[in-house]
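One-letter residues, chain by chain:
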Amino acid sequence: GLELSHCVGPNSLGPAVPWRSGGACKMKRVRTVFKPEQLERLEQEFLKQQYMVGTERVDLAATLHLTETQVKVWFQNRRIKWRKQSMEQKAAKLSQFGVIQPATADSTDIKDQEEDTVDVEL
């Protein structure tokens, strides 16, 4: 399930503070911490295929005792990391040969995707 902490105020040690006066509290989701065994299996599956969909995702989630959404988001985030690493390796190879790579739309797109990284669990 979705784990939420109590109302979040400007001072985490202080009392709970409503998000808006008279409104509901702003809830902060607790970040998923994967076990080493889960990460190892997720990485193994990612090496086989970068996209996990349908029954494969459902089965993997059940095997790892995770939700389907947790597996889906892990794969989304891992693909972004993989693309970033690929771009860095490409830039390193070009710099070895003295080729200076100007900032391209592709590198900007990767940065934008990183900012859109989702870490959600249901």
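Source: prediction; values computed, not measured.

Asks: Would you mind going over the overall build of the protein chain with me for this structure?
Replies: When its secondary structure is counted, the protein chain shows four helices and zero strands. For the protein chain, the α and β elements follow one another from N to C terminus as α-α-α-α. In the protein chain, buried positions account for 19% of the 122 residues. Of the accessible surface of the protein chain, which amounts to about 9,200 Å², a share of 56% is contributed by carbon and sulfur atoms.

Asks: Even after reading the chapter, I still don't get the pattern of salt bridges, so can you show me in this structure?
Replies: Note that side chains of opposite charge can pair when their charged atoms are close. A complete count under the given rule lists four salt bridges for this structure. It is possible to trace a salt-bridge network through shared partners that takes in Arg41, Glu45 and Lys48.

Asks: Just checking my understanding: could you explain the nonpolar core for this structure?
Replies: Grouped burial of nonpolar side chains is what soluble globular proteins tend to show. With eleven residues, the main nonpolar core is built from Phe34, Leu42, Phe46, Met52, Leu60, Ala61, Leu64, Leu66, Val71, Trp74 and Phe75. Every element with two or more residues in this core is listed here: helix H1 (36-48), helix H2 (54-64) and helix H3 (68-96). Sequence-distant contacts of phenylalanine 46, defined by excluding residues within four places in its chain, comprise Trp74, Phe75, Arg78, Arg79 and Trp82.

Asks: Would you explain the packing of aromatic side chains in this entry?
Replies: How two aromatic rings sit relative to each other is given by the distance of their centres and the angle of their planes. Within this structure, the stated rule accounts for four aromatic pairs. Look at phenylalanine 46 and tryptophan 82: their rings are 6.3 Å apart centre to centre, the planes differ by 75°, and that puts the pair in the edge-to-face class. Pair noted here: phenylalanine 46 is in helix H1 and tryptophan 82 is in helix H3, with a separation of 36 residues, a long-range link. Overall, the relative accessible area of 2% leaves phenylalanine 46 in the buried class. Members of the aromatic cluster, each reached through a chain of ring pairs, are Phe46, Trp74, Phe75 and Trp82.

Asks: Hey, could you run me through the packing of H1 against H3 in this one?
Replies: Describing two packed helices takes the angle between their axes plus the distance from one axis to the other. Across the interface, H1 lies against H3 with an axial gap of 11 Å and an inter-helix angle of 60°. The handedness of the crossing between H1 and H3 comes out as right-handed. In this structure, H1 uses Leu39, Leu42, Glu43, Glu45 and Phe46 to contact H3, whose residues at the interface are Val71, Trp74, Phe75, Arg78, Arg79 and Trp82. Looking at side-chain class alone, the contact of H1 with H3 contains seven nonpolar, no polar and four charged residues.

Asks: I keep staring at the confidence of the model for the protein chain and nothing clicks. Help me out?
Replies: In low-pLDDT regions, the fine details of the predicted coordinates are not to be read closely. Per-residue pLDDT for the protein chain has a mean of 77; in total, 61% of the residues score no lower than 70. Confidence scores differ between elements of the protein chain, with helix H4 (residues 105-115) showing the lowest mean pLDDT of 49 and H1 the highest of 97. Low pLDDT (under 50) marks residues 11-15, which in the prediction has zero contacts with non-local residues, meaning those over four places away or in another chain.

Asks: What's the story with H2 in this structure? I'm lost.
Replies: Because an α-helix completes one turn every 3.6 residues, residues spaced three or four positions apart along the sequence face the same direction. Considered for burial, the residues of H2 that qualify are Arg57, Leu60, Ala61 and Leu64. Along the axis of H2, the buried residues cluster in a sector spanning 100°; they form a single face. Along H2, the residues that are exposed and aim more than 90 degrees away from the buried face are Thr55 and Ala62. Considering only its buried residues, H2 is in contact with H1 and H3.

Analysis parameters
- Residues numbered from 1 in each chain as written.
- Predicted model: local features only at pLDDT ≥ 70, side-chain atom pairs only at ≥ 80, totals over all residues.
- Heavy atoms only, no water.
- Helix = DSSP H or I, 4+ residues; strand = E, 2+ residues; numbered from the N terminus.
- Buried < 20%, exposed > 50% of the residue type's maximum accessible area, 1.4 Å probe, protein only.
- Areas by Shrake-Rupley, 256 points an atom, 1.4 Å probe, with all protein chains shown as cover.
- Salt bridge = Lys/Arg side-chain N within 4 Å of Asp/Glu carboxyl O.
- Core = buried A, V, L, I, M, F, W, Y, C linked by side-chain atoms within 4.5 Å.
- Contact = heavy atoms within 4.5 Å.
- Phe/Tyr/Trp six-rings, centres within 6.5 Å; stacked < 30°, edge-to-face > 60°.
- Axes fitted to C-alpha atoms, helices over the stretch in contact; angles between N-to-C directions.
- Left-handed = near helix turned anticlockwise from the far one by under 90°.
- Nonpolar A, V, L, I, M, F, W, Y, C, P; charged D, E, K, R; others polar.
- pLDDT = per-residue confidence, 0-100.
- Arc of directions from axis to C-beta.

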